[in-house]
Structures are given as C-alpha cells and as structure tokens.
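# Examining the three-dimensional arrangement
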Amino acid sequence: MLPNYASPVEKLWYWTFRLLCVLVLVFLMSPLLAIIPLSFSADSFLVYPIKSFSWRWYAEFFGNGEWMHSLKNSFIVAPAATVLATVLGTLAAVGLTSANFPGKSLLMPVLISPMVVPVVIVGVGAYLFFSPLGLTNNYLGLILVHAALGVPFVVITVSATLSGFNTSLIKASASLGASPLLTFRKVVLPLIAPGVVSGALFAFTTSFDEVVVTLFLAGPEQVTLPRQMFSGIKENISPAIAAAAAVLILFSTALLLTLEWLRGRSERIRTAKA
Amino acid sequence: MPEVVPDNDVLVSFRGVQKSYDGESLIVKHLDLDIQKGEFLTLLGPSGSGKTTCLMMLAGFETPTHGEIRLNGALLNHVPPHKRNIGMVFQNYALFPHMTVGENLAYPLKIRNFSKSDVDAKVLHALSMVKLEKLAHRYPAQLSGGQQQRVALARALVFSPQLVLMDEPLGALDKQLREHMQMEIKHIHDSLGVTVVYVTHDQGEALTMSNRVAVFKDGIIQQIDSAYTLYEAPSNSFVASFIGENNTLEGEVLSLQDGFCHVKLGDGVGLKAKAVCADKAGARTTMSIRPERVRLNGASEQCANRFTGKLQEFIYFGDHVRLRMEVAGNAGFIVKVPVSELDGSWSVGDSIALGWNPEDIRALDPLHP
C-alpha cells in the first residue's frame, strides 16, 4: 500500500505499474484466451464470432483414430524422453558442481547447446546422423533427440538448486557411515528434488509440444499430438485442433499445478517454524 | 618404515604428517601427536594455523601429503571417511533438513542395520542425554540454534563411536549458551568416556573443557599440555601471548644461574627471571608475566624484582579492576586488582610501587627478534 506521504507522481506510477503488469499478463495469456472459446464453437471454421456452443469438436477429437493415435504417441515419447533427460541431466549437474577439472567451463555450454542451437538444425542433424543407424521412423530415435532437447533444462535447474547446497551435509553423511551412493540417495537427491522436478517438467513440456524434430524423424507410426495438429492446420483447418489445444493446455496446467503443490508442501515441511 | 609398537592407551597417532594444498606451502608442517583413549584434546590456534586441517585429515576429508595417521594401530590413510566410524560435529551443525530430529539420529543406526527396536531405544537414549526427548518429531528448521547443536551432538554419539571430532561446534551460539554447552559437552564426555578431539580458536573454551590442549601456529604444535601448564608455564612467547593475558618486557640476557637469568632491560634496569628459552648470555629475550602475579605497594616489598609504575588508566570489570600502567618503558602493562584490594586514594598519574617474584616472570624467545 502507498504511504501517506506519497507524492502525486508516486501515486501515478503506483497505478501505472499495476496496469502494465496486467497488460503483460494479458499479452502472455491471449493466445490461450483466443483458442479455447473456439473449441466450443458449433461452426465448421475457426472464426469469431461464435454463433452457438457445442461439444462436437471434442467428440471429434476423442472419437477420431488419428487424433487418439497421436495422443498415445505423445504419451509414449514425452515420458520416456523426460525420464532419460532427467536422469542424465541430474547426473551431469551433480558431477559438474562437485568436481573441479580442466575444461569444466567448456562442458557446460556443450550440455546446454541443444537449447541454443536452432531446432531445425538439430532436426536436420539428427536426421542425417540417425538415418544410417536406422534410428529414423521409430520411437527410439525420437525419444533420444527429445531427451537431448530436455537435458539443458534439467542441467540448469538442478545446478541452480545445487549452488545453494550445504556440502557439509555430504561430509556429515559420510561421517555417519553412509557410502557416497547412499548419501546421494538419502541426502542429496531429496534435497535437490525441487530442482529435479522442475527440470523434468520443462523436459516433459519440451518433448510434449515439440514439432520440428518430429517432422524430420517420425514416420507415420510415430506422429505425436503437435505433429498431428501441424498437419491438421496444413490440410484442413478443423476446430478439432482447438479442442486438441484445449486438452493440451488443460493437461499441462494440471501437471504444473500438481508439481508446484507437491514442491511447496515439501518446502513448507522443511522450513516451517514451530 | 619402523614397526609401530601398539600402545593400548593410544587411540590415534599422527606420525610425520604434512599437508599442502598447492604442493608448495605446507599448511601442516610436521605433526607427531598421540591422542590417548578417553582424552578430551583441544586443538587451539588462530585461523590458518592448521588445526582444522588436522581434524579433517583425521575425519578423512583431507588426505595427508606425507606421513601416517593410525587409529587403534591401524593405518587410516587409505580408509574412506564413511568406513572410519568416527563421529563428527560440524560448525554449522549439518543436520539433514528433510529429516526429523529422530530420523537424523536414526540415520547412522539404520546404515549399521540395527533392528527397529534397537534404533528406537538408542535414539531415545541419545536424545535424553541432550535433554531433547520431546522434540524427536520436529524438523531441524523448527529448532533453536542451541537445540540444533544438541541434536548434532547426539547424532555424532548415537552410534557409539570411540572417537568424536568437533569442529568449532559452539561458534554460532551466544556467549551464555556457549558457556552452558561447554559444561554440557564436558559432562557428556566424562560420563561416556569417549575420546574427543575439539577444534576451537577460543582459548577460554579450550582451557575449561580439555584434558590437554595443543596450541597450533603456522602448521606446528607450539606446545601440548594441560590447561594449567599452558597458562602457568608457557614454553614460548606465542603460547604466552595466545593463552590468557600477559605483560611482556624486552631485554638482553646477562648471565644464567640455576635455571634463572639476569636480564638487562632497554633502559638499563636489571631483573631476575626464570630462564625458559633464554639459553646463553647476550641473547635477546621477551619476558612474560601474568597480570595477577604483579604485587602492588606493601605486598611488593619482599619481591626480588621491584619497579615503579605510573598509573595510566582504570578499567572496571565488576569483580576486579585492571590498572594500565607504564612499567619499564611498557605503557600497556596491566595489573589485575580485586575490587576489595583497591586503594581509593590512587588516581591517574600516580606512581605506585610494584614487584614480582623471579619464578613468576618467564624469559622466553624474543617476540621481535
């Protein structure tokens, strides 16, 4: 709240600042706000104004074999890529923060590079590299590249959590008789879990709405939900896409809220005052 | 390597231990040290003196560059920290924040595969030892600093190690709590008979708690003795100045006789002192005398060394008063006087007769050679 002695300029800025914040939020949310109402339109085209409401595009989405197939593929590829990216990224972050060796400062940019390099280049490169190995047109190739795209997020979030880690806890655990592996499992991992979970979440969403690499690597059998939406837009602009988008948004939001809730709860337990 | 004769009373022995972090400068220069079973040994010294490095080498978190460390006669150099079975209390407690107090204490016991009932019994016993039975279900963040410190202590003792290391465990507590915890740790040590190696830079802590104190400076133990001997009979100028208060006088040794020496001060005045480091005539020496050994006025008349001091300042301490005087050219000469013996007629600028016995002033190595 504003103090009593605030000058008119301060009062003006106080309200302008709040208005700007609202505008930024509206800007960020507007694509979602635009697409979700359209999924309830009875019209056959993605146009405003909406004349009448119906569930027909949801029925179309859940009743159509192609949509369901792509949804199933997304739920195969994204979790598998997430697990792989989380395990590798966490180990990399732990190794990078605990050890000191020449060339360490070069290793971090290498690990982050999938995030920096344009995805098209990753896609072309992966295609050229994977096709002689027989890794195109199958799940494994897609999962591997999606995992590579997710690793940087895990490395960054876990490193951030580890930078505040009290290393005497590791010494304490060793002095109490725990082997390094047990110490990692019982002490380090539970404490960096918030970073691991955030990283996993980013890795999941990266894979879950990735379309470019999928265009290069996936065969007809591996079409994921974003890939299906992409071809849907190219071929026939059906409002079923809006329904698919709404489902994606709902799922991602639910995932995010659940994990945030879990994280907040464990955080509260640890820092609660008597 | 000569065969090490097992000595049943020695728990830990350091032999020729050196430690260097960069391969050039030695943080621990040469350490030969035997720690007796059941002893409370304090490593005391200013920061950078090598005391913490010695503790960390014993715990296994640092490896000696040279020399060997033995526990119960067995070589420790290649034993990883988690197999040493040595308890440790850390400066910042290092309690696991995601575990309750009870879980923190159960941690070392579960690793050692104790049965559930054994674990519960030992945890409860350790908690009762530090009077925290009621807080077993709290998380560390819900405890005060003093309570956290007790939990850390209980956790280091709960698996009954022979040896417990403490790295400035009371550093973060306020003075009153720190003094209380000193006594508590001492009583726990007495009742358990466990061997404790304690690192601190607080000389008061070292004197009140320890059986023996090792004074470190520049990676070398300057003196290792009981608190009483360290205070009353320091063997060099560093120990005399680091432990307790002391007044120093600089001079040149004239002659030696029967363990005493005659010393000429800068202004030509002579005095008789106990020869500790002064070993030959003509050598420079720094002499050290404790403020409470200086006698004033009438009491000084039987002393062999008699001077006149010019009173510069009264410093009030409640139970006693410190008089800052100028004696033989030293303007920072402190004399401790109990309040009951204070002469009301003294005032700043007065000249007061004072003196001390030759056995109370020790001729040590020159502080400024």
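Residues numbered from 1 in each chain as written. Chains lettered and ligands numbered in written order. Predicted model: local features only at pLDDT ≥ 70, side-chain atom pairs only at ≥ 80, totals over all residues. Heavy atoms only, no water.

Residue and element names in this part refer to chain B. Following the criterion strictly, the structure yields 19 aromatic pairs over all chains and no others. On the numbers, 5.6 Å between centres and 35° between planes, the contact of Phe40 with Tyr198 is tilted. A residue pair is termed long-range when its members are at least 10 positions apart, and Phe40 in strand S3 (residues 40–44) and Tyr198 in strand S8 (residues 195–200) qualify at 158 residues. With a relative accessible area of 0%, Phe40 lands in the buried category. Among the residues examined, Tyr198 registers a relative accessible area of 0% and is labelled buried. Aromatic side chains Phe238 and Phe242 sit 5.4 Å apart centroid to centroid with 15° between the ring planes, which places their arrangement in the stacked category. Remark: Phe242 and Phe238 occur in helix H8 (residues 237–242); sequence separation between them is four residues, near one turn of the helix. (Phe/Tyr/Trp six-rings, centres within 6.5 Å; stacked < 30°, edge-to-face > 60°. Helix = DSSP H or I, 4+ residues; strand = E, 2+ residues; numbered from the N terminus. Buried < 20%, exposed > 50% of the residue type's maximum accessible area, 1.4 Å probe, protein only.)

Further remarks concern the pattern of salt bridges. Residue and element names in this part refer to chain B. Overall, the coordinates contain 12 salt bridges over all chains when judged by the stated rule. The partner of Arg212 in a salt bridge is Glu39, with the nearest N and O atoms 2.4 Å apart. One end of the pair, Arg212, is in strand S9 (residues 212–217); the other, Glu39, is in the loop between strand S2 (26–36) and S3, with 173 residues separating them in the sequence. Taking the relative accessible area as the measure of exposure, Arg212 reaches 22% and is therefore partly exposed. Here Glu39 falls in the buried class, since its relative accessible area comes to 6%. The partner of Arg178 in a salt bridge is Asp202, with the nearest N and O atoms 3.9 Å apart. Of the two residues, Arg178 sits in helix H5 (residues 175–192) while Asp202 sits in the loop between S8 and helix H6 (203–209), which places them 24 residues apart along the sequence. A relative accessible area of 23% means that Asp202 is categorised as partly exposed. (Salt bridge = Lys/Arg side-chain N within 4 Å of Asp/Glu carboxyl O.)

A separate point is the confidence of the model for chain B. When pLDDT is averaged along chain B, the result is 89; 98% of the residues meet or exceed 70. In the model output, the complex is listed with pTM 0.81 alongside ipTM 0.83. (pLDDT = per-residue confidence, 0-100.)

All names here are of chain A. Together, Val117, Val120, Ile121, Val124, Tyr127, Leu128, Leu215, Phe216 and Phe230 make up an exposed nonpolar region whose accessible area comes to about 730 Å². Among the secondary structure elements, those contributing two or more residues to the nonpolar patch are helix H5 (119–130) and helix H9 (212–217). When you line up the elements, Val120 lands in helix H5. (Patch = residues over 30% accessible without salt bridge, like charges linked within 9 Å, V, L, I, M, F, W, Y side chains within 5 Å. Areas by Shrake-Rupley, 256 points an atom, 1.4 Å probe, with all protein chains shown as cover.)

Chain B puts 23 residues into the contact, and the matching count from chain A is 25 residues. Summing both partners gives a buried area of about 2,100 Å² for chain B against chain A, and 67% of it is carried by carbon and sulfur. On the chain B side of the interface with chain A, the three residues burying the most area are His82, His98 and Tyr107 of chain B, jointly 27% of the side's total. The interface formed by chain B and chain A holds zero salt bridges in total. Our count for the chain B to chain A interface comes out at four residue pairs in polar contact (both at pLDDT 80 or more). Elements with a minimum of two residues in the side of chain B that touches chain A: strand S6 (86–89) and helix H2 (101–111) of chain B. Residues that form the side of chain B that touches chain A fall into these classes: 16 nonpolar, four polar and three charged. (Contact = heavy atoms within 4.5 Å. Buried area = accessible area lost by both parts, 1.4 Å probe. Polar contact = N/O pair within 3.5 Å; in protein donor to acceptor, adjacent residues only side chain to side chain. Nonpolar A, V, L, I, M, F, W, Y, C, P; charged D, E, K, R; others polar.)

Residues and elements named next belong to chain B. We note that Asn72 has phi near 55°; this positive angle belongs to a residue other than glycine. Here Asn72 shows up in the loop between strand S4 (66–71) and strand S5 (74–75). The exposure class assigned to Asn72 is partly exposed, which follows from its relative accessible area of 40%. Here Asp218, not a glycine, exhibits a phi torsion of approximately 50°, which is positive. Mapped onto the secondary structure, Asp218 falls in the loop between S9 and strand S10 (220–225).

Right, let's talk about the packing of helix H3 (residues 65–98) of chain A against helix H8 (residues 180–208) of chain A for a bit. Residues and elements named next belong to chain A. Two elements in contact, H3 and H8, have axes whose closest approach is 8 Å; the angle formed by their N-to-C orientations is 135°. In terms of orientation, H3 and H8 fall into the oblique class. H3 and H8 meet at a crossing whose hand is right-handed. Across the interface between the two elements, Ser74, Phe75, Val77, Ala78, Pro79, Ala81, Thr82, Ala85, Thr86, Thr90 and Val94 from H3 touch Phe184, Ile192, Val196, Ala200, Ala203, Phe204, Ser207 and Phe208 from H8. Class assignment of the residues belonging to the contact of H3 with H8 gives a composition of 14 nonpolar, five polar and no charged. (Axes fitted to C-alpha atoms, helices over the stretch in contact; angles between N-to-C directions. Parallel < 35°, antiparallel > 145°, perpendicular 65-115°, else oblique. Left-handed = near helix turned anticlockwise from the far one by under 90°.)

Residue and element names in this part refer to chain B. Spatially, S15-S19-S16-S17-S18 is the arrangement adopted by the five strands of the open sheet, whose pairing is antiparallel. The open sheet has two free edges, formed respectively by strand S15 (295–296) and strand S18 (330–338), since each of these has just one partner strand. The pairing of strand S16 (residues 305–316) with strand S17 (residues 320–327) spans six bridges and is antiparallel. Each bridged residue has a counterpart across the sheet, and for Phe314 the counterpart in S17 is Leu323. (Pairing = 2+ DSSP bridges.)

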